[in-house]
2 protein chains.
Amino acid sequence: MADEKWSEAGEAVTALILDVFRLNGRLQLAGDRLVAELGLTSARWQILGALAQADKPESVAWHARNMGVHRQGVQRIVNELANEGIIELLPNPQHKRAHLVVLTSKGQKVYEEAIALQVPWVNDLSEGLAVDDITTAQEVISLLRERLLTASNS
Amino acid sequence: MADEKWSEAGEAVTALILDVFRLNGRLQLAGDRLVAELGLTSARWQILGALAQADKPESVAWHARNMGVHRQGVQRIVNELANEGIIELLPNPQHKRAHLVVLTSKGQKVYEEAIALQVPWVNDLSEGLAVDDITTAQEVISLLRERLLTASNS
DNA sequence: ATTGGTTTGACAATGCGTTGTCAAAGTCGT
DNA sequence: ACGACTTTGACAACGCATTGTCAAACCAAT
């Protein structure tokens, strides 16, 4: 492969990457606005989702690994949400320091309210788009993500 | 449209959005690593790109508008890059405060070095991907971005 | 049981983006 | 001209993610 010029796929992926950056900014903004009235942000919302979908209570570090982000970021938000009574830190019989994180009933309610806002929002956003095209887009995005994941672990 | 359940497209877009978030994080990381040796970051790189592709010198606020981000973020990085001699602030005959931002020859060189690193990286990343699929993905991403853009301006 | 490595949470520093405020500079309507 | 509005840069505060360090807790090998 020549080092000085893009391949055809390389050029297309470069354009895709630039659009992913721009879309990410917009999504972040839209997400923040959507759930702001619930006292949530995109980052808080994502953590609530991880807690809601976990089969059983897990530690902060476990969730961070599962989400592919760093412990510290999750920890800060978890502490805030715990102070607000949205989540709860249960003692962990297996590990004295690694508390188990769970949603409180209040947290469960907030999360469901967030979903109730997201559903009409995303249905409206995606109206008229071909499901096949969306799926193709998701597969491409997902593949690139996996390649970067394995590349960064080497 | 029912408010309680995702449409088929809505569900697919929801999955796509989650992958866009994850890919964005990986790309940011990979970009930072790629150009770290040049003293750049993803954010700095993006601003150099905007300057390099501008037809003529423009103000910080103009570039921020053009990139779809806020003045303040661009301003901070522009000031840093100016201190490092990578860009230069020219006096603007039209406006005493709004200096015109241009790349120095050193900045031009750094930007070209960044591209020289990006080309083999992206060619490798996109190897074996169908160009049609990439293009479809980019069109979907771009369309979503435009819808969010017009929605946020209302 | 002691040692050494791993996991975990606490804490701090930095980079980046957003939001808001302020004053200087420019623009437009009258 | 004059005043109202807009644009622009400076400054500050906050939210978020990354990186690094530290000590407590756990775990495995001997």
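The structure we're discussing is the one just above.
Residues numbered from 1 in each chain as written. Chains lettered and ligands numbered in written order. Predicted model: local features only at pLDDT ≥ 70, side-chain atom pairs only at ≥ 80, totals over all residues. Heavy atoms only, no water.

Caption draft 1: Structural view of the sheet that holds strand S2 (residues 87–92) of chain B. Residues and elements named next belong to chain B. Strand order in the open sheet formed by three strands is S1-S3-S2, with antiparallel pairing between adjacent strands. Only two strands of the sheet have a single partner each, and these edge strands are strand S1 (58–59) and S2. Taken together, the two bridges between S1 and strand S3 (residues 95–103) define a ladder with antiparallel strand orientation. Paired with serine 59 across the two strands is leucine 100, which belongs to S3. Lying on the sheet, helix H4 (residues 71–83) is in contact with S2 and S3; it crosses S2 at an angle near 105°. (Pairing = 2+ DSSP bridges. Helix = DSSP H or I, 4+ residues; strand = E, 2+ residues; numbered from the N terminus. Contact = heavy atoms within 4.5 Å. Axes fitted to C-alpha atoms, helices over the stretch in contact; angles between N-to-C directions.)

Caption draft 2: Layout of the sheet that holds strand S3 (residues 100–103) of chain A. Residue and element names in this part refer to chain A. Read across the sheet, three strands follow the order S1-S3-S2 without closing on themselves; strand pairing throughout is antiparallel. The open sheet is flanked by strand S1 (58–59) and strand S2 (87–90), the only strands paired with a single partner. Pairing analysis gives two bridges linking S1 to S3, with the strands arranged antiparallel. Looking across to S3, one finds that serine 59 is bridged to leucine 100. Against the sheet, helix H2 (residues 42–53) contacts S2 and S3, and its axis sits at roughly 95° relative to S3.

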